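Results of the structural survey
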Amino acid sequence: GVGRCGLGRPTTVGIRPPPDAVEEGGAAAAIAEEEEEAETRSQEGHILWRSKKVVSIEMVLVDATGTRIHASIDEDLIQIYEGKVFEGDAFFISNFTLVNYATEYRTNPFPYKLTFYRTTNITPCDDFPSYLPNKYLKNFSEIHSGIFKNDVLIDVVGQIVHVGALTEIYAKGNKLTNSMLFFGMKRNASNLTCTLWGDYGKQVIDYVEENNNSIVVCVVRFACVTEYKGVHGISNVFNATQLIFDPPGPHFDDFRSKLPKDDIILSRDDGLSGSTIGKYVTTATVKSVETNPRWYYVVCAVCEKTVHPIEENPGDEEGPVMFDCLQCNRNVTEVLAKFKLVLLVTDDSTEEAKFLIFDNIAYPNFLNKTADELAEEVAEDDDSVLPRTLNDLIGKTLLFKMGVTSKNLKSRKSTFIVDIVTDDEVIIEQFLTQNLSKDATISYADDASQCSIMKNGNNKRLGVMDDGVVNKRRQQVICYNVIF
């Protein structure tokens, strides 16, 4: 018959571990793990288990009607077929056999699977359909009912509406052994919790960060049903599960068209007191301006790329300092200083954070002198000496708009990159007294970590970030929209 490896794609190719290599579930679990994984990602074959001995190649095949069947190539035939079957390829297959397939975590409901002979024939198929229906998608209501057992894995599709914190799990000796992520999916009026182990959580976080302002639809293939205290959800199975974000195709286009028009905002929880990734506005007082590293960097006056000083030759102290410019591919003497200000700031919570201000933000909208002009003022002094303009910032309360990334939420040492900064007293006062424009409304949070503000119909997350530590008293946090 005509078959294709994988789901809607030629089946993925996987490597099966020896039965004794699986800690739980014995040989059955080993088979399930490898075979499922086989249909997951690469076009060169996906290794399910890194073992010194490869005991089989596992695949999931799908025919032109969208029906799947599991297939195996045993150890003694690997050299014949390895490199001939790739995920995404369509081919005719003949002269094979069917064997019993009754383990848990099966990739399809059939009680048998296809096994290759040494004489099995595979030839390319050029007219295989480009789109295949998915017969294996399950409704959330079916999953919540508890009717599914873990003998057969399932597919689900939903809109991602919440991403939880990525939890790292350590064993004795402080060795990282695994990681876990919870995320929520919505379909119609029903929600479903998904638990991901291993690298799957990072896949979700990375995609959501890149597409934070859009609706994200996710298909989870080959998932197992979980149950905890009577609540059902899904989870990945070993490395067999496949995540597909915003998939193309008529079925998924239809799913998107039926999503409720309630402007659901995808929320993030990175495990730090409700902090979320996004843009925030806050006032903060400058405690110090860092001088190590220096508050500026040096660029070539021609290409404005970073340059590095060249060590002086003995007896040549009187000549101009030379710099190596990689972009211009030559030594240069004409250079400029550019701002790279790192401010140590604090607020009423007494927590501290580092705000990074680059040259295009610092001048001319904030400071009235260039970094080059300020560097000339202290050219003969020690690097720890600040020019007066920067020294005057210490003790000032400023208004910042800055971005909060996953790095900020994972490490207290990372800096927050500033988008806008002002010391305009009128703007700061209006911010602090909530003097908003008439078309803006505000909601309040019980902590200082976040609030929402609606401006011209665009919902934006704003709030006070104290480097991951939330001020517990009730605050009203707003944004002065006209400027920010």
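Small disclaimer: the values here were computed from a predicted structure and weren't measured. (Residues numbered from 1 in each chain as written. Predicted model: local features only at pLDDT ≥ 70, side-chain atom pairs only at ≥ 80, totals over all residues. Heavy atoms only, no water.)

Remarks on the overall build of the protein
What counts here: Helix and strand assignments come from DSSP, with helices taken as H or I runs of at least 4 residues and strands as E runs of at least 2, each series counted from the N terminus. For each residue, the accessible area found with a 1.4 Å probe, counting protein chains only, is set against the maximum for its type, and the residue is called buried under 20%, exposed over 50%, and partly exposed in between. When checking whether two residues touch, look at their non-hydrogen atoms; a contact exists if any pair is within 4.5 Å. Where accessible areas are quoted, they stem from the Shrake-Rupley method and a 1.4 Å probe; at the residue level, only the protein chains shown are allowed to cover.
In terms of regular secondary structure, the protein is built from ten helices and 26 strands. Residues classed as buried in the protein amount to 46% of the 484 residues present. Taking as baseline every contact in the protein between residues at least 6 positions apart, the subset at least 24 positions apart corresponds to 67%. Entry remark: accessible area of the protein is about 25000 Å², with carbon and sulfur atoms responsible for 49%.

A short note on the environment of Leu181
Structurally, Leu181 can be placed in strand 9 (residues 175-187). With 17 residues separating them in the primary sequence, Leu181 and Gly164 have C-alpha atoms 6.3 Å apart. Setting aside anything within four residues of it in sequence, one finds Leu181 in contact with Val163, Gly164, Ala165, Leu166, Cys194, Thr195, Leu196, Gly201, Val204 and Ile205.

What to know about a nonpolar patch on the surface
Using the following cut-off: Patch rule: a residue counts if its relative accessible area is over 30% and it has no salt bridge; like charges are joined within 9 Å, and nonpolar side chains (Val, Leu, Ile, Met, Phe, Trp, Tyr) within 5 Å. Whenever a carboxyl oxygen of Asp or Glu lies within 4 Å of a side-chain nitrogen of Lys or Arg, that contact is scored as a salt bridge.
Nonpolar side chains collect at one region of the surface, where Phe96, Leu98 and Tyr112 lie side by side and expose about 250 Å² of accessible area between them. As for its placement among the helices and strands, Phe96 is situated in strand 5 (residues 90-100). Its relative accessible area of 32% is what places Phe96 among the partly exposed residues.

Some thoughts on the pattern of salt bridges
Tallied over the full model, the rule gives eleven salt bridges. Between Arg256 and Asp253 there is a salt bridge, with the nearest N and O atoms lying 3.1 Å from each other. Here the residue Arg256 and the residue Asp253 both occupy positions in helix 5 (residues 250-257), the gap between them amounting to three residues, near one helical turn. A relative accessible area of 25% means that Arg256 is categorised as partly exposed. Residues Lys279 and Asp419 are paired through a salt bridge, measuring 2.8 Å at the closest nitrogen-oxygen approach. Of this pair, Lys279 sits in strand 15 (residues 278-289) while Asp419 sits in strand 23 (residues 416-422); the two residues are 140 residues apart in sequence, bridging distant segments of the chain. Overall, Lys279 belongs to the partly exposed group, its relative accessible area being 41%. What makes Asp419 partly exposed here is its relative accessible area of 26%. Within the structure, one salt-bridge network assembled from shared partners comprises Glu304, Lys338 and Asp359.

Digging into the sheet that holds strand 19 (residues 330-332)
Note the cut-off: Only strands joined by at least two bridges in the DSSP assignment are considered to pair.
Within the open sheet, the three strands sit side by side as 17-18-19. Their pairing is antiparallel. A single partner strand is all that each edge strand has here, and the edge strands are strand 17 (308-309) and strand 19. Relative to strand 18 (residues 323-325), strand 17 runs antiparallel, the two sharing two bridges. Directly across from Pro309, in strand 18, lies its bridge partner Phe323.

Brief notes about the packing of aromatic side chains
The condition is simple: Stacked, tilted and edge-to-face are the three classes assigned to paired rings of Phe, Tyr and Trp, where Trp is represented by its six-membered ring and a pair needs centres within 6.5 Å; plane angles under 30 degrees give stacked, over 60 edge-to-face, the rest tilted. Two conditions define a charge located above a ring, namely a distance within 6 Å from the ring centre to NZ of Lys or CZ of Arg, and an angle within 35 degrees of the ring normal.
A complete count under the given rule lists seven aromatic pairs for this structure. The interplanar angle of 10° and the centroid separation of 4.6 Å between the aromatic rings of Tyr207 and Phe245 together place this pair among those described as stacked. Placement of the pair is Tyr207 in helix 4 (residues 200-210) and Phe245 in strand 13 (residues 242-245), with a sequence separation of 38 residues. Geometrically, the ring pair formed by Phe355 and Phe416 is edge-to-face, given 5.8 Å between the ring centres and 75° between the ring planes. Of this pair, Phe355 sits in strand 21 (residues 352-358) while Phe416 sits in strand 23; the two residues are 61 residues apart in sequence, bridging distant segments of the chain. Assigned by exposure class, Phe355 and Phe416 land together as buried. Within the aromatic cluster, the residues linked to one another by ring pairs are Trp295, Tyr296 and Phe339. Lying across the ring of Tyr101, Arg106 places its NZ or CZ 6.0 Å from the centre.

As for the environment of Phe400
On the secondary structure map, Phe400 appears in strand 22 (residues 397-404). The spacing of Phe400 and Thr283 is 117 residues in sequence and 6.1 Å in space, taken between C-alpha atoms.

A short note on the nonpolar core
For the record, the criterion: Side-chain atoms within 4.5 Å link the members of a nonpolar core, which is a set of buried Ala, Val, Leu, Ile, Met, Phe, Trp, Tyr and Cys residues.
Counting 40 residues, the largest nonpolar core has Trp295, Phe339, Leu341, Ile357, Leu390 and Phe400 as its most contacted members. The next biggest cluster of nonpolar side chains, apart from the first, holds 25 residues, and it includes Phe148, Ile160, Leu196 and Val220.

With respect to the side chain of Glu290
Selection criterion: A 3.5 Å cut-off defines polar contacts: any pair of N or O atoms within that distance qualifies, except that in protein one atom must be a possible hydrogen donor and the other a possible acceptor, and neighbouring residues in sequence count only when both atoms are side-chain atoms.
Within the secondary structure, Glu290 sits in the loop between strand 15 and strand 16 (296-300). Overall, Glu290 belongs to the buried group, its relative accessible area being 18%. Polar contacts involving the side chain of Glu290 include one to the side chain of Lys354, which spans 2.9 Å.

Re the pairing of strand 3 (residues 56-62)
In regular strands, side chains alternate between the two faces of the sheet. Counted residue by residue, strand 3 has seven buried out of seven residues, so it is predominantly covered. The side-chain alternation of strand 3 yields two buried faces, one formed by Ser56, Glu58, Val60 and Val62 and the other by Ile57, Met59 and Leu61. Pairing analysis gives seven bridges linking strand 3 to strand 4 (residues 68-74), with the strands arranged antiparallel. For Val60, the partnering residue across the bridge sits in strand 4 and is His70.

A short note on the side chain of Glu58
Put simply, the rule is: Within this scheme the basic residues Lys and Arg register as positive and the acidic residues Asp and Glu register as negative, but His and the chain ends are omitted.
Locating Glu58 in the fold gives a position in strand 3. The buried charged residue Glu58 lacks any salt bridge partner; its closest oppositely charged side chain belongs to Lys113, at an N-O distance of 4.2 Å. A polar contact of 2.5 Å, which involves the side chain of Glu58, links it to the side chain of Ser56. Of the polar contacts made by the side chain of Glu58, one reaches the side chain of His70; its length is 2.8 Å.

Section: unusual backbone geometry
The omega torsion across Asn292 and Pro293 is 10°, close enough to zero to call that bond cis. Tracing the backbone through its elements, the reader meets Pro293 in the loop between strand 15 and strand 16. Cis geometry marks the peptide bond from Tyr363 to Pro364, where omega comes out at 5°. Looking at where Pro364 falls in the secondary structure, it is placed in the loop between helix 6 (359-362) and helix 7 (371-377). At Tyr105, a position not held by glycine, the phi torsion is positive, near 55°. Counting through the fold element by element, Tyr105 comes out in the loop between strand 5 and strand 6 (112-124). Unlike most non-glycine residues, Asn329 shows phi in positive territory, near 60°. Relative to the assigned elements, Asn329 resides in the loop between strand 18 and strand 19. Judged by relative accessible area, which is 69%, Asn329 ranks as exposed.

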